[in-house]
Amino acid sequence: MKAIILIFSLLMSSLTFGQQKLEGVWQQKENKSNILIVYVEDDNIQFYNYQLDKEFHINEIVLNADNDHVHTVYEDILEGFTYELYYNLINKNTLVRGSEQLNIEVIYKKIG
């Protein structure tokens, strides 16, 4: 039983450490007006999307996450659309956001 608890604890701490690498302020490489803030606390990941050049109202909810990959549902309330996104951490300074539904990938660079 101790071994199971130890393995579970190590797994959870490694997932949390991996998710901590996602935390920070990210700027879209091709459109500098799009900013993404990722906040991680324990096993809770929150995404805050900002568009500096236009009005927006976006909700993004995490469906599942592992070390370097997060799957979310993205809802743009003003535009009236919802789709699924994934985030892949390529390295400590590069995050790729994509959608299989929209067949797109967007590169973000860490700025903070």
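To be clear, the structure that these remarks concern was listed above.
The following refers to the structure shown.

Cut-offs applied
- Residues numbered from 1 in each chain as written.
- Predicted model: local features only at pLDDT ≥ 70, side-chain atom pairs only at ≥ 80, totals over all residues.
- Heavy atoms only, no water.
- Helix = DSSP H or I, 4+ residues; strand = E, 2+ residues; numbered from the N terminus.
- Buried < 20%, exposed > 50% of the residue type's maximum accessible area, 1.4 Å probe, protein only.
- Contact = heavy atoms within 4.5 Å.
- Areas by Shrake-Rupley, 256 points an atom, 1.4 Å probe, with all protein chains shown as cover.
- Phe/Tyr/Trp six-rings, centres within 6.5 Å; stacked < 30°, edge-to-face > 60°.
- Patch = residues over 30% accessible without salt bridge, like charges linked within 9 Å, V, L, I, M, F, W, Y side chains within 5 Å.
- Salt bridge = Lys/Arg side-chain N within 4 Å of Asp/Glu carboxyl O.

## Quick word on the overall build of the chain
Next, step 1: When helices and strands are counted, the chain shows 1 helix and 8 strands.
Next, step 2: Listed N to C, the secondary structure of the chain is α-β-β-β-β-β-β-β-β in terms of helices and strands.
Next, step 3: By residue count, 31% of the 112 residues in the chain fall in the buried class.
Next, step 4: Partitioning the contacts of the chain with sequence separation of at least 6, the portion at a separation of at least 24 is 27%.
Next, step 5: For the chain, the computed accessible surface area is about 7,200 Å², with 55% contributed by carbon and sulfur atoms.

## Quick notes on the packing of aromatic side chains
Next, step 1: If you walk through the whole model with that rule in mind, you get 4 aromatic pairs.
Next, step 2: Geometrically, the ring pair formed by Tyr50 and Phe56 is edge-to-face, given 5.9 Å between the ring centres and 85° between the ring planes.
Next, step 3: In this structure Phe56 comes out as partly exposed when scored by relative accessible area, which is 27%.

## Examining a nonpolar patch on the surface
Next, step 1: Together, Tyr39, Tyr48, Tyr50 and Leu52 make up a nonpolar patch on the protein surface, roughly 410 Å² of accessible area in all.
Next, step 2: Within the secondary structure layout, Tyr48 lies in strand 3 (residues 44–51).
Next, step 3: We classify Tyr48 as partly exposed; its relative accessible area is 35%.

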